[in-house]
Amino acid sequence: MAAFKMSPEEWEILKLKFKRKYNHLTEEDLQFQAGQEDELIGRLAQRVRRNRDYIRYTLSKGLVDLESNRL
């Protein structure tokens, strides 16, 4: 599977959407640094009890339209 990449600026927008959808996530769960997308995906998958592919798909879908309120 192709590597998933996003910028910290994109993550700031997606983080708000993720926090809205999964309100039990903490700031620690949502920490992200450029180049550590795989660690973020793994952590989110564990915390929301979904597989990594679901998280990758959800993030990719959110990146397509950052202006939308939907995730």
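The notes below deal with the structure included here. (Residues numbered from 1 in each chain as written. Predicted model: local features only at pLDDT ≥ 70, side-chain atom pairs only at ≥ 80, totals over all residues. Heavy atoms only, no water.)

### Looking at the side chain of T58
The test is simple: To qualify as a helix, a DSSP run of H or I must reach at least 4 residues; to qualify as a strand, a run of E must reach at least 2; elements of each kind are numbered from the N terminus. Between two residues, a contact is recorded if the distance between any of their heavy atoms is within 4.5 Å.
For T58, the position within the fold is in helix α3 (residues 52-64). Those residues in contact with T58, other than ones at most four positions away along the chain, are F18 and L71.

### As for the pattern of salt bridges
Which entries qualify depends on this criterion: By convention in these notes, a salt bridge is any Lys or Arg side-chain nitrogen within 4 Å of a carboxyl oxygen on Asp or Glu. Note on classification: 1.4 Å probe, protein chains only; a residue is buried when its accessible area is under 20% of the maximum for its type, exposed when over 50%, partly exposed between these limits.
The full count for this structure, using the stated rule, is five salt bridges. Across the pair D29 and R47 runs a salt bridge whose closest N-O atoms are separated by 2.9 Å. Taken together, the residues span a long stretch of sequence, with D29 in the loop between α1 (8-21) and α2 (37-48) and R47 in helix α2 at a distance of 18 residues. Take D29: its relative accessible area is 9%, and that puts it in the buried class. Since its relative accessible area comes to 33%, R47 is described here as partly exposed. Among the charged side chains, a network of salt bridges with common partners joins E12, K15 and E27.

Nothing here speaks to function; it is all geometry.
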